[in-house]
Structure formats: C-alpha cells, structure tokens
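Tertiary structure, described
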Amino acid sequence: MKDFKKTKKIETNKGEFGFCKYNGNRYFYKKVDNTSIEINRYKMLSNYYKVPKLIDYFDNTIIYELNDSLVNYTIHEYLYKDNIYFDINCILKQYKNNLESTYLISEDKLINKKFYCDRVYFLQKYLNNAIFNKVYIYNYKEFDIYKIINDTFIKISSDKELYSFITNGDPTDTNISVDGYFSDYECAGYNSIVGEIAIFVVSILSHGSYFYPKYNKKVYIFRPYILKEYNKYKITINRRNNKIDGKIRVPYKNKNLLLSYLEFYNDILANNIKDNVNKYLKYYLIMRVLTPINVLDMDESDINTIVFLVIIFSEINSISELIELIKESDLL
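Predicted model only: the values in this text are computed from it and were never measured.

What follows is about the packing of aromatic side chains. Applying the stated criterion across every chain, the model contains 28 aromatic pairs. Taken together, a centroid distance of 5.4 Å and an interplanar angle of 80° make the contact between Tyr138 and Phe308 edge-to-face. You can see Tyr138 sitting in strand β7 (residues 135–138) and its partner Phe308 sitting in helix α11 (residues 300–313), a full 170 residues away along the chain. The residues Tyr138 and Phe308 share a single accessibility class, namely buried. An aromatic cluster of three or more residues is present, and its members are Tyr49, Tyr95, Phe165, Phe182, Phe200, Tyr261, Phe264 and Tyr265. Over the face of the ring belonging to Tyr78 we find Lys253, whose NZ or CZ atom lies 4.9 Å from the ring centre.

A few words now on the sheet that holds strand β5 (residues 61–65). One open sheet holds the 5 strands; their spatial order is β1-β2-β3-β5-β4, and the pairing between them is antiparallel. Either end of the sheet is taken by a strand with one partner, and the two such strands are β1 (4–12) and β4 (54–58). Looking at each pair of strands side by side, their axes are set apart by 25° on average, direction ignored. Against the sheet, helix α1 (residues 35–46) engages β3 (25–31), β4 and β5, with an angle of about 25° to β5.

The subject of this paragraph is the packing of helix α5 (residues 120–127) against helix α6 (residues 145–157). It is at 10 Å that the axes of α5 and α6 come closest, and there the two elements cross at 155°. The pairing of α5 with α6 is recorded here as roughly antiparallel in orientation. Crossing hand, α5 versus α6: left-handed. In contact with Val120, Leu123, Gln124, Tyr126 and Leu127 of α5, α6 contributes Tyr146, Ile149, Asn150, Thr152, Phe153, Ile156 and Ser157. A class-by-class count of the residues in the contact of α5 with α6 yields 8 nonpolar, 4 polar and no charged.

What counts as what
- Residues numbered from 1 in each chain as written.
- Predicted model: local features only at pLDDT ≥ 70, side-chain atom pairs only at ≥ 80, totals over all residues.
- Heavy atoms only, no water.
- Phe/Tyr/Trp six-rings, centres within 6.5 Å; stacked < 30°, edge-to-face > 60°.
- Helix = DSSP H or I, 4+ residues; strand = E, 2+ residues; numbered from the N terminus.
- Buried < 20%, exposed > 50% of the residue type's maximum accessible area, 1.4 Å probe, protein only.
- Lys NZ or Arg CZ within 6 Å of the ring centre and 35° of its normal.
- Pairing = 2+ DSSP bridges.
- Axes fitted to C-alpha atoms, helices over the stretch in contact; angles between N-to-C directions.
- Contact = heavy atoms within 4.5 Å.
- Parallel < 35°, antiparallel > 145°, perpendicular 65-115°, else oblique.
- Left-handed = near helix turned anticlockwise from the far one by under 90°.
- Nonpolar A, V, L, I, M, F, W, Y, C, P; charged D, E, K, R; others polar.

Pasting the structure below:
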C-alpha cells in the first residue's frame, strides 16, 4: 500500500488536483482520466521545456515534484503582487528553440484544438440567443455581433492547416512560473501558434485578472489575493442602448509583457508562417474571449465587456495590428 495522503484538494469541472504527502514528502498531485496520455505528453514536453519532475503514478493519480515557483511565483503573481522579478526571456528562449521545428499540420491533429474547434458548441448557443443578435455602434461604426460570431464559427469549424510547434498548449498566467517552468500537461504536444497567442493574450489582457477569478473561483483557492481584488482590474464599458463607449485599460506590467511577447513572434516568424497566423488571428482571439466561460452565465455588465472585446478583436488582421492596439491602450 502506497503511503499517499491528500493535504489540500481542489475539485473543478476539469478534475481534481492539490497537495499531498507521499512516502513522507510533500508533492503536487493530479487526478486524470487516463494517466498514460498525460504522462506521455509530459515526457514529450520535458524534452524541450523546463518542467517539475515526475515522481510516480498509480490508479488515476499522478504525483509531480512540488515546485514552489509554480505555486507562489507564476506570471500571475508577478502581474498582481509586488516585488516579484520576471524576465520574459526565460520563456521566449524556450519558445525560440522549439520554433525551429515548426510544421504545417491539420488542425484535427493538434492538441489545442480542444480549445477551439472542439468548443464551437459555445458559439452555436450564442447565435441562438437574442443578446448576440444585435448591431452595436462603436467609434461611429456599426458592428453586427451575430455576423462576427457566425464568421468566427465558420472559420474555427473549417478544416485547415496551421503552423504549429511543441508547447504545453495552455499558456495562461498561472501555468508558467517566473523562472520559466511550465505546468499542466493535458494539452502538451503540437499546438497551433495562433492558438497559443490567443490564449496568452486573452489571459494577460483581460481574463486572468478578472473573468477567470470571478467565474472560476475554485481554481484560485491558492491565490486568495486576486479573489479580493479582481474588481479593480475590470474593463469599464459604457453602454447606452446599442452604443458602446470604452477603451482597453491595462496595468503597466501587463502591457509591457504583452508587447514583449507579441513583438517576439512578430520578429521571429518567417513571413509564410506569419501570414498563416494573421489569416486566423482575429477568429482565435474572439473564440478565446467567448470561451471557456459561458458568457450567458455572466453579469450584464460583463457581457457588455465581452461584446466590446469581440468588437475590437474583429478589427485585428495581424500581429502588428494587435501590437498597435496594445500600445494605444490606457494604463490602469
């Protein structure tokens, strides 16, 4: 009988994870449906990126080294707590090395398709809801939200080939430490560059500071500070009938981080790869804004913010334009 005892457990709609004592030592554990799939993905990622050690596995439980930086010193802590140092180059160097092996791959063979084409059912729900069957005016222009979402549905659902490379597949602020370690290996493997960019940008720009902690509180039990403060990071939008007034307001550290990240890709990607990314970028940004949280479960003011983000991303046609959008944003 293995000497295994859970000391802190978190259960979410994605599964169970937490801290444990195993053979007298403290570790991180995760329960999964299929240990062999996750372990194989972990092993693939470990050949290319910094990851904690795999300690053991049994039944549906995997035990990993408890890496303090992935608990207390992630990008999330850097952004929303004081006196934490982070040099993004410790991440970008790992990406640069792996971008040397970039391939054009059918999306149905990519792991991060689960966040995109596997979730178009969200868009179908929205298209059948009166909230999104409206035309809004922003900056004196009309935006048909139904058409934008329907166009996104068509593009995300379509068969396509995307330039891809090996990543952890879910690059949110809580999955990457300030010393360059990656966690969460459920989606590790070949993932689309455009999908990677959309997940990271939305996490740093709007969702990691506000929407995720507000609507997925269980995941932030390790981060009680953000549960007390997320309202101060809300993007404030004024809506009067069908008119929306607003501007992205981004904390200083978030803005600089986004610009460093996007300029890295804009500079390093070959033109043919960048053309492929630019072709689909707006649709993947919009898809990430509209998922994984069901927008229909949000407060009305938050739905207005989501609509605003959909509008501004619908005008983005390249990484360069996304960089300019971030540059023009106001600072919190």
